[in-house]
2 protein chains.
Amino acid sequence: VIAVVCLNPALDVTYHVDALVRGQSVRVSSVRERAGGKGVNVARVLAALGEPPCLLGFAGGRYASVLADVGLDACWTPIAGTTRRTVTVVDGEATLLLEPGPVVSDQEWRAFEASFDDVLASDPAVVVLAGSLPAGVPADAYGRLVERADTAGVRSVLDADGAALRAGVAAHPYLAKPNAGEARALGGGLCAGAAGGAGEFSGSLGDLVTGVLAAGARNAVVSCGADGLLAVLDGRRYRAYGPVVEGNPTGAGDALTAVLARGIATGAAWTDVLRQAIATAAAAAAAPAAGEFDARVADDLLPRVSVEEI
Amino acid sequence: VIAVVCLNPALDVTYHVDALVRGQSVRVSSVRERAGGKGVNVARVLAALGEPPCLLGFAGGRYASVLADVGLDACWTPIAGTTRRTVTVVDGEATLLLEPGPVVSDQEWRAFEASFDDVLASDPAVVVLAGSLPAGVPADAYGRLVERADTAGVRSVLDADGAALRAGVAAHPYLAKPNAGEARALGGGLCAGAAGGAGEFSGSLGDLVTGVLAAGARNAVVSCGADGLLAVLDGRRYRAYGPVVEGNPTGAGDALTAVLARGIATGAAWTDVLRQAIATAAAAAAAPAAGEFDARVADDLLPRVSVEEI
């Protein structure tokens, strides 16, 4: 089984309104709620791919019950704080209200580590570390978890950004999967423009993936939106791109991570994994909500994906 | 004990943000949550006045637990739907997002009626019917409850608006307490302008309170903001006004209802009840949240309240 760590899950609330006008009372015509956060969405894609994972992270407050609705094996560490909500107000445009989320105590972090060790002891195929860190956890939380996984002989896939990514990559995860912007912030170089689905491979994109390896990752996949992705896997360089699908880039990134983790778990050939990853990510970009995709759309897109070793 | 019916309670969520800008992601710097809805706020004032009431109404969904936080005796009827939230986004101005709330089924309404009858059988001093109706309950819900209370020999105080008020008043509640706008909508006449704390009594305000009696109420108190209130109680007409306090008109109205209900329960003289009601409402207007007031502020205002029989 694949384990997915989601330290900062969310309750995603979507309000449809006629028009959001500051200073006025606005009637909400429809309310949708679902569990969210990057790890939860990666877990949803894995389940849809026939690899239902085990989820772990922090959950607290009266909204934590929504996390049970995901319908996956989960081992949430209870906290005194309250799982954050993300309220999206849709009136043609989307306005997001992002709650600050809980502050995790030292004791709660240690309880999570114990729970993580329990999961590692069950010998998962891969552990995915995904998304932002809640306040109060160590700044190098992902680094510590990568090391614990290494000690247990479990490969880790890291999908994060900023300081959390940097501290995690420094501990040599099996695979890091930043997007180009995140990789650039890691100090890896400059991203080529996002124009053109089959845009020419540029030296600067190559610098980006090399930079992720230099920062500590053993393998790296850097996604660059319409430019596809660039990867260094087992010492070989790959470039992959597919049809450009307008839509939900968050969902695309989460799908990419899920397919890469499954590929590592099953030991499939990297070219096949990358091909499926691009097709699934494109299908996820076309879906309305992160963590969702239409498998038939992914199958239809598959022949249009190009993967080459470079 | 006083019973307070709150058929449509709410979870009031307050977000403080730097600036609400449509189409952007906005970080919420602080989150406050409390139970709300008119009946809950009336109940809070009664508790603060030393008359902790018994609350009843509908509660459902993962937010219903907030209703337990009120710390009052309550007998909520469970529903399959979800207790509504009211999200207030404060960035200097207040923008309100009003969820539609649950749809109550026939079966749930009948369960509530049974619960209401149980409360009536315990012989409460007064029953307060306060606030809006959730979808799905009978349009004449308040009329039916007034009749049930009458049959049980329990006096009812009605604080509602629109069609719910009209249907309730038609069943002859012991007291109706609309504000001027609500009374006007009931067809009682025109409201005098809101200028001047001690503004001259006008014939049209008199028409307003007469209209509430004509619509069916046995006694009526019509609040008119800065113009104080006009009442017909046991066949006598009163006019009362106090110092003008800028602030929270919702909180003021809820406090007025609470003090009137307590006055009926204790059998105090109407002039004393009205004096206390005006002072408490003014103190509540000065408080930041509905259902809250500073008793010392109310005491300080008391000598500045004028009540006269007219």
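Preceding this paragraph is the structure being described.
In this report, we go over the structure that sits alongside the text.

Cut-off values and rules
Residues numbered from 1 in each chain as written. Chains lettered and ligands numbered in written order. Predicted model: local features only at pLDDT ≥ 70, side-chain atom pairs only at ≥ 80, totals over all residues. Heavy atoms only, no water. Core = buried A, V, L, I, M, F, W, Y, C linked by side-chain atoms within 4.5 Å. Buried < 20%, exposed > 50% of the residue type's maximum accessible area, 1.4 Å probe, protein only. Contact = heavy atoms within 4.5 Å. Pairing = 2+ DSSP bridges. Helix = DSSP H or I, 4+ residues; strand = E, 2+ residues; numbered from the N terminus. Axes fitted to C-alpha atoms, helices over the stretch in contact; angles between N-to-C directions. Buried area = accessible area lost by both parts, 1.4 Å probe. Salt bridge = Lys/Arg side-chain N within 4 Å of Asp/Glu carboxyl O. Polar contact = N/O pair within 3.5 Å; in protein donor to acceptor, adjacent residues only side chain to side chain. Arc of directions from axis to C-beta. Parallel < 35°, antiparallel > 145°, perpendicular 65-115°, else oblique. Left-handed = near helix turned anticlockwise from the far one by under 90°. Nonpolar A, V, L, I, M, F, W, Y, C, P; charged D, E, K, R; others polar. Phe/Tyr/Trp six-rings, centres within 6.5 Å; stacked < 30°, edge-to-face > 60°. Lys NZ or Arg CZ within 6 Å of the ring centre and 35° of its normal. Least-squares fit on C-alpha atoms with pLDDT ≥ 70 in both.

What about the nonpolar core?
Grouped together as the largest cluster of nonpolar side chains are 130 residues, with contacts concentrated most on Leu97, Val128 and Leu274 of chain A together with Leu55, Leu97 and Leu274 of chain B. With sequence-adjacent residues up to four places away left out, Leu97 of chain A is seen in contact with Arg85, Thr86, Val87 and Val89 of chain A together with Tyr15, Val17, Leu20, Val26, Val28, Val89 and Leu97 of chain B.

A closer look at the sheet that holds strand β8 (residues 126–130) of chain A
All names here are of chain A. On the basis of which strands lie adjacent, the open sheet formed by 10 strands has the order β5-β4-β1-β8-β9-β10-β11-β12-β13-β14 and mixed pairing. Bordering the open sheet on either side are β5 (73–78) and β14 (306–309), each of which pairs with just one other strand. One ladder, built from five bridges, connects β8 with strand β9 (residues 155–159); its direction is parallel. Following the sheet pairing, Leu129 is matched in β9 by Leu158. On top of the sheet, helix α3 (residues 106–121) reaches β1 (2–6), β4 (54–59), β5 and β8; it is set at about 175° to β4, its chief contact. With respect to the sheet, helix α8 (residues 249–266) is in contact with β1, β8, β9, β10 (175–176), β11 (219–223) and β12 (229–233), its orientation differing from that of β9 by roughly 170°.

Here we look at the sheet that holds strand β2 (residues 10–17) of chain A
As summarised here, the arrangement of the eight strands in space is β2(A)-β3(A)-β7(B)-β6(B)-β2(B)-β3(B)-β7(A)-β6(A), forming a closed barrel in which the pairing is mixed. Mean inter-strand twist for the sheet, computed between neighbouring axes without regard to direction, equals 35°.

Structural notes on the pairing of β2 of chain A
It is a general feature of regular strands that their side chains alternate between the two faces of the sheet. Pairing analysis gives eight bridges linking β2 of chain A to strand β3 (residues 25–36) of chain A, with the strands arranged antiparallel. Within β3 of chain A, the residue paired with His16 of chain A across the bridge is Ser30 of chain A.

Notes on the environment of Val13 of chain A
For Val13 of chain A, the position within the fold is in strand β2. Taking the C-alpha atoms as reference, Val13 of chain A lies 5.7 Å from Arg32 of chain A; in sequence the two are 19 residues apart. Not counting residues up to four positions away in its chain, the partners in contact with Val13 of chain A are Val31, Arg32, Glu33, Thr86, Val87 and Thr88 of chain A together with Arg85 of chain B.

Digging into the interface of chain B and chain A
The interface of chain B with chain A comprises 33 residues on the first partner and 33 residues on the second. For the pair chain B and chain A, the summed buried surface comes to about 2900 Å²; carbon and sulfur atoms form 49% of the total. Together, Arg22, Arg62 and Leu97 of chain B form the three largest contributors to the area buried by chain B at its contact with chain A, with a combined 24%. Where chain B touches chain A, the interface holds six salt bridges. The salt bridge partner of Glu93 of chain A is Arg22 of chain B, with a shortest N-O separation of 3.6 Å. In this assembly, chain B and chain A are joined by 16 residue pairs in polar contact (both at pLDDT 80 or more). Those elements that place two or more of their residues in the side of chain B that touches chain A are β2 (10–17), β3 (25–36), α2 (65–68), β6 (84–90) and β7 (94–98) of chain B.

A few points about helix α5 (residues 162–169) of chain B
Burial in α5 of chain B covers these residues: Ala164, Leu165, Gly168 and Val169 of chain B. Summarising the axial view, the buried residues of α5 of chain B lie within an arc of 125°, below the 170-degree limit, and thus occupy one face.

So, the pattern of salt bridges
A side chain with one charge may pair with a side chain of the opposite charge, provided their charged atoms come close. What the rule picks out here adds up to 30 salt bridges over all chains. A salt bridge links Glu113 of chain A to Arg148 of chain A, with the nearest nitrogen and oxygen atoms 3.1 Å apart. Of this pair, Glu113 of chain A sits in helix α3 while Arg148 of chain A is found in helix α4 (residues 141–151), placing the two residues 35 residues apart along the sequence. Residue Glu113 of chain A is classed as buried on the basis of its relative accessible area of 10%. With a relative accessible area of 28%, Arg148 of chain A lands in the partly exposed category. Across the salt bridge formed by Arg218 of chain B and Asp150 of chain B, the nearest N and O atoms sit 2.5 Å from each other. Taken together, the positions of Arg218 of chain B in the loop between α7 (203–214) and β11 (220–223) and Asp150 of chain B in helix α4 (residues 141–151) put the pair 68 residues apart, joining distant regions of the chain. Judged by relative accessible area, which is 44%, Arg218 of chain B ranks as partly exposed. For Asp150 of chain B, a relative accessible area of 32% puts it in the partly exposed group. One network of salt bridges, in which partners are shared, links Lys38, Asp159, Lys177 and Asp254 of chain A.

A closer look at the packing of helix α3 (residues 106–121) of chain B against α4 of chain B
Residues and elements named next belong to chain B. Axis separation between α3 and α4 bottoms out at 10 Å; the angle between their running directions is 30°. As summarised for this structure, α3 and α4 are arranged roughly parallel, according to the angle between their axes. Seen along the crossing, α3 lies across α4 with a hand that is right-handed. Between α3 and α4, the contacting residues are Trp109, Phe112, Glu113, Phe116, Asp117 and Leu120 on the first element and Ala141, Arg144, Leu145, Arg148 and Ala149 on the second. A breakdown of the residues in the contact of α3 with α4 according to their chemical character gives seven nonpolar, no polar and four charged.

Describing α4 of chain B
Listed in full, the buried residues belonging to α4 of chain B are Ala141, Tyr142, Gly143, Leu145, Val146 and Ala149 of chain B. Lining the buried residues of α4 of chain B we find β1 (2–6), α3, β8 (126–130), β9 (155–159) and α5 of chain B.

Brief notes about the packing of aromatic side chains
One pair of aromatic rings is described through two measures. These are the centre distance and the angle between the planes. All names here are of chain A. For the coordinates displayed, the defined rule picks out six aromatic pairs over all chains. Centroid distance Phe58 to Phe112: 5.4 Å. Interplanar angle 45°. Geometry classified as tilted. Of this pair, Phe58 sits in strand β4 while Phe112 sits in helix α3, and the two are 54 residues apart along the sequence. Since its relative accessible area comes to 2%, Phe58 is described here as buried. Centre to centre, the rings of Phe112 and Phe116 are 6.0 Å apart; their planes meet at 25°, and the pair counts as stacked. Here Phe116 and Phe112 lie together in helix α3, a separation of four residues that amounts to about one turn. A single burial state applies to Phe112 and to Phe116, both of which are buried. Chaining the aromatic ring pairs together yields one cluster made of Phe58, Trp109, Phe112 and Phe116. Directly above the ring of Tyr174 sits Arg155, whose terminal nitrogen or CZ lies 5.5 Å from the centroid.

Thoughts on the relation of the copies chain B and chain A
With an RMSD of 0.0 Å, the operation that places chain B on chain A is a rotation of 180° combined with a shift of 0.0 Å along the axis. On this basis, the relationship between the two copies can be described by a two-fold rotation axis. Residues of chain B ranked by C-alpha distance from the rotation axis are headed by Arg62 of chain B, positioned 3.3 Å from it. Both copies present the same face, since 100% of the interface residues in chain B are matched by interface residues at the equivalent positions in chain A.

Here's the deal with unusual backbone geometry
Residue and element names in this part refer to chain A. Despite not being glycine, Asp123 shows a phi value in the positive range, around 60°. Along the chain, Asp123 falls in the loop between α3 and β8. On the basis of relative accessibility, which here comes to 57%, the residue Asp123 falls in the exposed class. Despite not being glycine, His172 has its phi angle at roughly 65°, a positive value. Along the chain, His172 turns up in the loop between α5 (162–169) and β10. Judged by relative accessible area, which is 41%, His172 ranks as partly exposed.

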